[in-house]
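As a plain string of letters, each chain reads:
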Amino acid sequence: APKPKFAESPRLRRRGRMTSTDLTVLGAAAAAAMQPSGSTVIPLDVALPLLSGDMEALVELDLHNDPIGDDGTSQLAVALGRNRSLAKLEIWRSQLTCRGATSLAHALKGRSEGLKELNLSSNQYVGDEGATAIADMLVSNACLETLWMLSVGLTSKGVCSLAESLHINNKLRLLQLSDNPLVGDEGATAMGEMLAVNSTFEKLWFGGTSMTLEGVSALAEGLKRNRSMVGFGIPSTRVGYKGAEVLADALKVNLTLKELWLSREDVEIRGLVSLGTVLRDHPRSAGFKLPLNDLKLVALRLGLPSAARHWDNDAIIGYWRGEHEEKLLAFAMGSHERLGAESKVQVLVDRIDCFHSVTSAFFGG
């Protein structure tokens, strides 16, 4: 039978093909786990030899739903401390607590190369203590770019620790903190303050918390001063139309954001009109996304043609961008309706004079 390829397993990926040496190191259990069906979760005792021994082999490791707990995570952390090839580690829903998270944090402290993506989600007992250890690690870590801590039992205390570390860390690009319902306005305010000063951070997912309009306003203020964010989401947060209005106000200033995730039932129709009005009057670059909301629901209120009731968001935003470009061209050509006849003539005279000056200089006339 042909040797199985690591690339065929969705849970464990490495560079190149398995060799007979690989099979000897990993044993029969590893070979069985690598079968193309991918139905078997890779056990920890299979992953550890790859992390510790075959230093350049392992690229991604997925142990989710494998109940390795804190003891298994501690073993993993020891191996990870010596490994520089692993780029992605997923241990969500793996029954680790703050102790396991702390072990991982210690292993990643001071690292300038190695792990780039870490997913600790759905481990409810990581909590604020685990988050504080992770935050302490982020102060000195210069390789981790993506951190998922969705549904890990955080309160505002843990979020504040993470936000404070990101005043210093300039490597992390994405932070997923959704579905931590005990996080309130204090945590949101800390994140807003971080956004105001961090010039490299790009994506924050912060839905499913208990923040109120106060927290949303703090985040919006951070977005106004930020020039690096491209993605922001607070779905499943009862922000109401007033929350949508403060975020819409931020969009007038922040022109780098390309994704804004807000639940339709959270922003209400009035909030959707506010968002649409800003997107109409302050056109975005191509590719701006407003998932979970349909601008066509308020098409007529936004002055769109009746056909827009059947358009998707991309078509509507593209329509506004086209209108904006036409107006800019009209101004440039001196033919915009806001320019009077005398002004149009003057623009034409100025252009003729400019053309004459350039041709004279070129031809020596």
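Cut-offs used in this document
Residues numbered from 1 in each chain as written. Predicted model: local features only at pLDDT ≥ 70, side-chain atom pairs only at ≥ 80, totals over all residues. Heavy atoms only, no water. Salt bridge = Lys/Arg side-chain N within 4 Å of Asp/Glu carboxyl O. Helix = DSSP H or I, 4+ residues; strand = E, 2+ residues; numbered from the N terminus. Buried < 20%, exposed > 50% of the residue type's maximum accessible area, 1.4 Å probe, protein only. Pairing = 2+ DSSP bridges. Right-handed = clockwise from strand over helix to strand, strands pointing away. Phe/Tyr/Trp six-rings, centres within 6.5 Å; stacked < 30°, edge-to-face > 60°.

Remarks on the pattern of salt bridges
Thinking step 1. The full count for this structure, using the stated rule, is 17 salt bridges.
Thinking step 2. Ionic pairing is found between lysine 116 and glutamate 145, a salt bridge with its closest N-O pair at 4.0 Å. Separated by 29 residues along the polypeptide, lysine 116 in the loop between α4 (98–108) and β4 (117–119) and glutamate 145 in the loop between α5 (127–140) and β5 (146–148) bring together distant segments of the chain.
Thinking step 3. Of the residues examined, lysine 116 reaches a relative accessible area of 38% and is grouped as partly exposed.
Thinking step 4. Judged by its relative accessible area of 25%, glutamate 145 falls in the partly exposed class.
Thinking step 5. For lysine 289, the salt bridge goes to aspartate 314, with nearest N and O atoms at 3.0 Å. With a gap of 25 residues between them, lysine 289 in the loop between α10 (264–281) and α11 (313–333) and aspartate 314 in helix α11 connect regions that are remote in the sequence.
Thinking step 6. Residue classification places lysine 289 among the partly exposed positions, given a relative accessible area of 35%.
Thinking step 7. Through salt bridges with shared partners, a single ionic network connects Glu221, Lys224, Asp249 and Lys252.

Focus: the pairing of strand β2 (residues 58–62)
Side-chain direction in a regular strand flips from residue to residue, so the side chains alternate between the two faces of the sheet.
Thinking step 1. Taken across its five residues, β2 has four buried, putting it largely inside the fold.
Thinking step 2. Where β2 lies against strand β3 (residues 88–90), three bridges are found, and the strand directions are parallel. Along β3, the bridge assignment pairs aspartate 62 with glutamate 90.
Thinking step 3. Handedness of the crossover is the feature at issue here: the chain leaves β2, passes through helix α3 (residues 69–82), returns alongside β3, and the resulting connection is right-handed.

Considering the packing of aromatic side chains
Thinking step 1. Applying the stated rule across the entire model yields two aromatic pairs.
Thinking step 2. Look at tryptophan 205 and tryptophan 261: their rings are 6.3 Å apart centre to centre, the planes differ by 80 degrees, and that puts the pair in the edge-to-face class. In this pair, tryptophan 205 is assigned in strand β7 (residues 203–205) and tryptophan 261 in strand β9 (residues 259–261), connecting sequence segments 56 residues apart.
Thinking step 3. Looking at tryptophan 205, the relative accessible area reads 14%, which means it is buried.

That's the geometry; what it means functionally is another story.
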